[in-house]
Amino acid sequence: MLKQLKEDIQAVFARDPAARNTFEVLTTYPGIHALIMHRVAHELWNNECKTSARILSSFSRFTTGIEIHPGARIGRRFFIDHGMGVVIGETAEIGDDVTLYHGVTLGGTTWNKGKRHPTLEDGVVVGAGAKILGPFTVGKNAKVGSNAVVTKAVPEGATAVGNPARFILKDKNKVVENEQEARRRDYAESIGFQPYAATQDQTDPMLEGMRVLLDRIQNNEKRMNNLCHRLSLLDPTFKNQSQTAQPFSDEELKIIEEVRRECEAQSTPSKT
């Protein structure tokens, strides 16, 4: 247990730039306090001292604001940042090098006995306020964005965003022009970590799909206008009403423009 504690403290230094020294981490980080008490409670639980384990777990929740059922299985180098409002259910399983932020729930969707909570494989990062509900697996090095609600398995290396969650798969062919940004991204990938499971250049797949559809509609409209123009040249009696008619109402055009602006905002990294 002492070896695990040393690894847990090193995980804090690796993932939290605010950590300054070991004494500060041991005395002021509720995630470390909750993890220490959980490891003791889990041993009591496995040795059939279940009442004692639940009492220690309740005391941990009272002092840290983090609720971890003593039956939950947690791997090495686990880090809970901030921690308030984190809930981890009885049959949850957490691998190595996993990071949770505040307000995360690993819950169940049934009252039946048996496996009813999620399994998080190695390297998973779950952003603040995310809810992962059900007995499925979140794949290795996957990310769950802040406030996402996940109710089905997440593929390895994917990022889940939204409610209900949608998956963004990593683009391995994406070119990074800025050398400093490339080094930063390579380092983050090497340790399998992204703060709050979010990056500036991540886009919502639904908005991206809508942007593609809007571009397709615009291109089709141009082709239709060109065709009508050619028909009017061949037949002078042809009345090219499509070139003068408005295909969308003013209200529809306003909605389309708002969606396009939101898509562009999502796809353009913010500059600070």
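See the structure shown above.
Every value quoted in this text rests on a predicted model; they were computed, and no experiment measured them.

Engineer: Even after reading the chapter, I still don't get the overall build of the protein, so can you show me in this structure?
Structural biologist: Of the regular secondary structure elements, the protein holds eight helices and 15 strands. Across the protein, contacts joining residues at least 24 apart in sequence account for 40% of those joining residues at least 6 apart. Here the protein displays about 16,600 Å² of accessible surface, and carbon together with sulfur accounts for 54% of that area.

Engineer: Would you explain the pattern of salt bridges in this entry?
Structural biologist: Where charged atoms from two side chains of opposite charge approach closely, those side chains can pair. Evaluated as defined, the whole model comprises 10 salt bridges. For arginine 76, the salt bridge goes to glutamate 7, with nearest N and O atoms at 2.5 Å. Placement of arginine 76 in the loop between strand E2 (73-74) and strand E3 (79-80) and of glutamate 7 in helix H1 (residues 2-15) is noted, with a sequence separation of 69 residues between them. For arginine 76, a relative accessible area of 35% corresponds to the partly exposed category. A relative accessible area of 16% means that glutamate 7 is categorised as buried. Of the charged contacts in the structure, one is a salt bridge between glutamate 93 and lysine 115, with a shortest N-O distance of 3.4 Å.

Engineer: So what exactly am I meant to see when it comes to the environment of isoleucine 55 here?
Structural biologist: Looking at the element boundaries, isoleucine 55 is found in helix H4 (residues 50-64). The class of isoleucine 55 is exposed, set by a relative accessible area of 58%. Taking the C-alpha atoms as reference, isoleucine 55 lies 9.7 Å from proline 70; in sequence the two are 15 residues apart.

Engineer: Looking at this structure, how should I read the sheet that holds strand E10 (residues 131-133)?
Structural biologist: Sheets are built from strands that pair by backbone hydrogen bonding, the pairs being arranged parallel or antiparallel. Spatially, five strands are ordered E1-E4-E7-E10-E13 in an open sheet, and the strand pairing comes out parallel. The outermost strands of the open sheet, each flanked by one partner alone, are strand E1 (67-68) and strand E13 (149-150). Direction of pairing for strand E7 (residues 105-107) relative to E10: parallel, over a ladder of three bridges. From the neighbouring strand, threonine 105 faces E10, where its bridge partner is lysine 131.

Engineer: Would you take a moment to explain the packing of helix H3 (residues 30-46) against H4 for this structure?
Structural biologist: Helix-helix packing: each pair is described by the crossing angle between the helix axes and the interaxial distance. Remark: H3 packs on H4, axes separated minimally by 8 Å, with the N-to-C direction vectors making an angle of 170°. As summarised for this structure, H3 and H4 are arranged roughly antiparallel, according to the angle between their axes. Seen from H3, the contacting residues are Pro30, His33, Ala34, Met37, Val40, Ala41, Leu44 and Trp45; seen from H4, they are Lys50, Ser52, Ala53, Arg54, Leu56, Phe59, Ser60, Thr63 and Thr64.

Engineer: I keep staring at the sheet that holds strand E5 (residues 93-94) and nothing clicks. Help me out?
Structural biologist: Here four strands make up an open sheet; going across it, the order is E2-E5-E8-E11 and the pairing parallel. The strands lining the two open edges of the sheet, one partner per strand, are E2 and strand E11 (137-138). Bridge analysis of strand E8 (residues 119-120) against E11 gives two bridges, and the strand direction is parallel. What sits directly across from threonine 119, in E11, is threonine 137.

Engineer: Can you walk me through empty space enclosed by the protein in this structure?
Structural biologist: In this approach, a probe sized like a water molecule rolls over the atoms, and the result shows the empty space that is left. Within the structure shown, the criterion is met by two cavities of 30 Å³ or more. One number sums up the size of the largest cavity: a volume of about 50 Å³. Looking at the largest cavity, the residues that line it are Ala34, Met37, His38, Ala41, Ser57, Ser60, Arg61, Ile66, Glu67 and Ile68. If you list the elements that add at least two residues to the lining of the largest cavity, you get H3, H4 and E1. Top element by residues in the lining of the largest cavity is H3. It accounts for four residues. The class makeup of the residues in the lining of the largest cavity is five nonpolar, three polar and two charged. Looking at the second largest cavity, its volume works out to about 40 Å³. Of all the secondary structure elements, the ones that give two or more residues to the lining of the second largest cavity are H1, H3 and E3. Among the elements that line the lining of the second largest cavity, the one with the most residues is H3, at three residues.

Engineer: Is there a simple way to explain the nonpolar core in this structure?
Structural biologist: Here is a general trend for soluble globular proteins: nonpolar side chains tend to be buried in one another's company. If you look at the biggest cluster of nonpolar residues, it comprises 31 residues, and the most contacted ones within it are Ile88 and Leu100. Beyond its immediate sequence surroundings of up to four residues, leucine 100 is in contact with Phe78, Phe79, Ile80, Asp81, Val86, Ile88, Leu106, Leu120 and Val126.

Engineer: Could you clarify how one ought to interpret unusual backbone geometry in this entry?
Structural biologist: Note: most residues except glycine have negative phi, and most peptide bonds are trans. Look at the link from asparagine 163 to proline 164: it is a cis peptide, with omega at -5°. Among the secondary structure elements, proline 164 is positioned in the loop between strand E14 (159-161) and strand E15 (166-168). Even without glycine at this site, aspartate 97 takes up a positive phi of about 60°. Mapping aspartate 97 onto the fold places it in the loop between E5 and strand E6 (99-100). Exposure remark for aspartate 97: the relative accessible area of 27% places this residue in the partly exposed category. One non-glycine residue with positive phi stands out, namely asparagine 147, at about 65°.

What counts, and where the lines are drawn
- Residues numbered from 1 in each chain as written.
- Predicted model: local features only at pLDDT ≥ 70, side-chain atom pairs only at ≥ 80, totals over all residues.
- Heavy atoms only, no water.
- Helix = DSSP H or I, 4+ residues; strand = E, 2+ residues; numbered from the N terminus.
- Contact = heavy atoms within 4.5 Å.
- Areas by Shrake-Rupley, 256 points an atom, 1.4 Å probe, with all protein chains shown as cover.
- Salt bridge = Lys/Arg side-chain N within 4 Å of Asp/Glu carboxyl O.
- Buried < 20%, exposed > 50% of the residue type's maximum accessible area, 1.4 Å probe, protein only.
- Pairing = 2+ DSSP bridges.
- Axes fitted to C-alpha atoms, helices over the stretch in contact; angles between N-to-C directions.
- Parallel < 35°, antiparallel > 145°, perpendicular 65-115°, else oblique.
- 1 Å grid on protein atoms, 1.4 Å probe; cavity = no way out; pocket = protein on both sides within 12 Å on 5 of 7 lines; lining within 4 Å.
- Points joined across faces, edges and corners; volume = space filled by probe spheres on them.
- Nonpolar A, V, L, I, M, F, W, Y, C, P; charged D, E, K, R; others polar.
- Core = buried A, V, L, I, M, F, W, Y, C linked by side-chain atoms within 4.5 Å.

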